[in-house]
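# Secondary and tertiary structure notes
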Amino acid sequence: MSGKLQTVRGTRDLLPEDNLVFRFVEESAYQKAKLYGYGEIETPIFEFSDVFHRTLGETSDVVSKETYDFTDRGGESLTLRPEGTAGVARSFISEGMSQLLPLKFYYSGPMFRYERPQKGRYRQFFQLGAECLGYDTPLADVECIAMAWDLLKQIGISAECVLEINTLGDAESRAAYRDALVAYFKSHESELSADSKTRLEKNPLRILDSKDEGDKKLNANAPKFETYLNENSKNFFKKVLAGIEKLGIPYKLNPLLVRGLDYYCHTVFEFTTSKLGAQGTVLAGGRYDGLVETMGGPKTPAVGWAAGIDRLADLTPKELAVSKEVLIAIIGADEAGDEESVKLAHEIRSRGLKAENFLSGKMGKKMQKANNKGAHYALILGGNEVTNNTVTVKNFQSGEQTTVSRSEIATFDFKI
Ligand code: ATP
Ligand code: MG
């Protein structure tokens, strides 16, 4: 076999104990999505490159440095999806769903970005997200944020997270602010990082999102968006804030929050934590009224968010994710017992209970393995039991051991 026998840089295997938590996060999100009236959508993992390149912005970090682009055997330019929103918007247009508005979509799946891998930052990572299309009211932003907050509560991490929020205003406000920013950064051009010099020409707002230390210093004294917001933008934001206050969701205004992608307007927000080191953003989103139109669809207001499952799972208390079902170990004490044990396990599972066979090793070892696995009961079968049609029930929790008839097992009350 050629090539190294290991995962590609920035990718990893998720083993059963990892997936236990991932599943818990995803199931919690799916459950919340259903409560909020969101339907699940699954778009392809790769799309025509234009779907992402044209919509996320050529100067965004994602498109300029992070996409996995390739030409397939038929010569098509394709891109592995780096995020979910563009695919959902593409689907909304290509499936002709505009007559069905408002529409609410939930999704979950792998995303791909060529980034510098580190803890909480991978080249294949997982996102779940929500997109609400068709509402131009700030109340939709509020509901969207509330759903995110409910999810963080459900998975036990809301106390660790802060909602940071800002507004990018409407197009008119953004144009005025853009001019002010260009003027400010032009007068400090020599101090800007190379990346930000390029951004200055193409998308100066993005400089505010820079992680470069020099840029950060300049950003601290940059003109504030607040000064350039028109009445419409101010009112919109006021209503968003009033709505989240009404729901008792704590938040922090962050005037430097601009988000990495081109399509945002009005509300932008992030839930951040100090518990994950540098990769502190667990969930991020905002309003993107212009996106669908930019892609060639009808003008469609929209708001949504995406969360990094890898990061959410890192924060989630493991005990919330482990299953709280009773586990019954079925153990043969000898060959006759082993032979019967598979059938007994089968019967137990047909009652909807978790049963596991332990098929190798001596009796003592099997019991020990079952105990280590967290079994609550062991059902022991030996030649005697098989002949007498009985089962020995050991309760690992109390240490008690009793012998019951095989027919009683069918209704035995196993409990934790
Ligand atoms: P960052 O500033 O951390 O690069 P971003 O703005 O690029 O984040 P978004 O595009 O908003 O991230 O994606 C939403 C969420 O997806 C992030 O808040 C984060 O939790 C997660 N995420 C983004 N990129 C990665 C990655 N490479 N590995 C793991 N999770 C990621
Ligand atoms: Mg990024």
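Residues numbered from 1 in each chain as written. Chains lettered and ligands numbered in written order. Predicted model: local features only at pLDDT ≥ 70, side-chain atom pairs only at ≥ 80, totals over all residues. Heavy atoms only, no water.

## Thoughts on empty space enclosed by the protein
Operational definition: Only protein atoms enter the 1 Å grid used here. Points where a 1.4 Å probe fits but cannot escape make up a cavity, open sets with protein on both sides within 12 Å along at least five of seven lines make up a pocket, and a residue lines them when an atom lies within 4 Å of a point. Grid points are joined across faces, edges and corners, and a volume is the space filled by probe spheres set on the points. A helix here means a DSSP run of H or I that spans at least four residues, while a strand means a run of E at least two residues long, and both kinds are numbered starting from the N terminus. Any residue outside Ala, Val, Leu, Ile, Met, Phe, Trp, Tyr, Cys, Pro, Asp, Glu, Lys and Arg is labelled polar, Gly included; the first ten of those are nonpolar and the last four are charged.
Under the definition given, this model contains two cavities of 30 Å³ or more. Reported here for the largest cavity is a volume of approximately 50 Å³. Together, Ile41, Glu42, Thr43, Arg81, Gly84, Val88, Tyr107, Ser108, Gly109 and Met111 line the largest cavity. Of all the elements, strand 5 (residues 103-112) adds the most residues to the lining of the largest cavity, at four residues. Of the residues contributing to the lining of the largest cavity, the split by class is four nonpolar, four polar and two charged. In this structure, the second largest cavity encloses a volume near 30 Å³. Around the second largest cavity, the lining residues are Tyr177, Leu208, Asn219, Ala222, Pro223, Lys224, Phe225, Pro255 and Leu256.

## So, the pattern of salt bridges
The cut-off we apply is this: By definition, a salt bridge exists where a carboxyl oxygen of Asp or Glu is found within 4 Å of a side-chain nitrogen of Lys or Arg. Exposure classes here rest on a 1.4 Å probe applied to the protein chains alone. A residue is buried below 20% of its type maximum, exposed above 50%, and partly exposed in between.
Counted under the stated rule, the structure contains 17 salt bridges. A salt bridge links Arg12 to Asp310; the nearest nitrogen and oxygen atoms lie 2.8 Å apart. One end of the pair, Arg12, is in the segment before helix 1 (16-35); the other, Asp310, is in helix 11 (residues 309-315), with 298 residues separating them in the sequence. Using a relative accessible area of 3% as the deciding quantity, one classes Asp310 as buried. Asp413 serves as the salt-bridge partner of Lys415, at 3.2 Å between the closest nitrogen and oxygen. One salt-bridge network, held together by shared partners, links Glu340, Lys343, Glu347 and Arg406.

## Examining helix 5 (residues 138-154)
Keep this limit in mind: Given the number of residues in a helix, its expected span is that number minus one, multiplied by 1.5 Å. Think of a polar contact as two N or O atoms within 3.5 Å of one another; within protein, one of them needs to be a possible hydrogen donor and the other a possible acceptor, and neighboring residues in sequence only count if both atoms come from side chains.
Taking 1.5 Å of rise per residue, the 17 residues of helix 5 would be expected to cover 24 Å, and the 24 Å separating its terminal C-alpha atoms lies within 8% of that figure. Among the 17 residues in helix 5, 12 count as buried, and that is most of the element. Buried within helix 5 are the following residues: Pro138, Ala140, Asp141, Val142, Cys144, Ile145, Ala146, Met147, Ala148, Trp149, Leu151 and Leu152. One side-chain oxygen at the N-terminal end of helix 5 lies 2.9 Å from the backbone nitrogen of Leu139; it belongs to Thr137.

## Considerations on the packing of helix 1 against helix 5
The description of two packed helices rests on the angle between their axes and on the distance between the axes. To be explicit about the condition: An axis is simply a line fitted to the C-alpha atoms; with a helix, the fit covers only the stretch in contact. Between two such axes, the angle follows the N-to-C directions and lies from 0 to 180 degrees. By definition in this entry, angles of less than 35 degrees are roughly parallel, angles greater than 145 are roughly antiparallel, angles of 65 to 115 are roughly perpendicular, and the rest are oblique. When the near helix sits turned anticlockwise from the far one by under a right angle, the crossing is termed left-handed; a clockwise turn instead gives a right-handed crossing. Only heavy atoms matter for contacts: two residues are in contact if any of them lie within 4.5 Å across the pair.
Interaxial distance between helix 1 and helix 5 falls to 10 Å at its minimum, and their mutual angle equals 140 degrees. One way to sum up the angle between helix 1 and helix 5 is to call them oblique. Note on packing geometry: the crossing formed by helix 1 with helix 5 is right-handed. Along its contact with helix 1, which presents Phe24, Val25, Ser28, Ala29, Gln31, Lys32 and Ala33, the element helix 5 presents Met147, Asp150, Leu151 and Gln154. Of the residues in the contact of helix 1 with helix 5, the class split is six nonpolar, three polar and two charged.

## Structural notes on the site of ligand 1
What counts is decided by this rule: We call a residue near a given molecule or strand whenever any one of its heavy atoms falls within 4 Å of it. Where accessible areas are quoted, they stem from the Shrake-Rupley method and a 1.4 Å probe; at the residue level, only the protein chains shown are allowed to cover.
As a matter of local geometry, ligand 1 sits amid 16 residues, with Arg113, Glu115, Arg121, Arg259 and Thr281 nearest to it. Interatomic distance of 2.5 Å between a side-chain N/O atom of Glu115 and a nitrogen atom of ligand 1. A distance of 3.3 Å separates an oxygen atom of ligand 1 from a polar atom in the backbone of Gly308. Relative to its unbound accessible surface of 590 Å², ligand 1 loses 91% to contact with the protein. Broken down by secondary-structure element, the contributors of at least two residues to the shell around ligand 1 are strand 6 (124-133), strand 10 (281-287) and strand 11 (302-308).

## Digging into the nonpolar core
Threshold: Working definition of a nonpolar core: buried Ala, Val, Leu, Ile, Met, Phe, Trp, Tyr and Cys residues. They are joined through side-chain atoms within 4.5 Å.
Within the largest apolar cluster, 47 residues are counted, with the highest numbers of intra-cluster contacts made by Tyr38, Leu128, Phe271, Leu283 and Trp305. Among the elements that line this core, the one with the most residues is helix 5, at 10 residues. If you look at the next biggest cluster of nonpolar residues, it comprises 44 residues, including Val62, Phe125, Leu181 and Val292.

## Structural notes on the domain arrangement of the protein
To be explicit about the condition: Domain delimitation in this document rests on an assignment produced automatically or drawn from a domain database.
Considered domain by domain, the protein is made up of domain 1 (16-170 + 230-319) and domain 2 (323-410). Measuring from the centre of the C-alpha atoms in domain 1 to the corresponding centre in domain 2 gives 47 Å.

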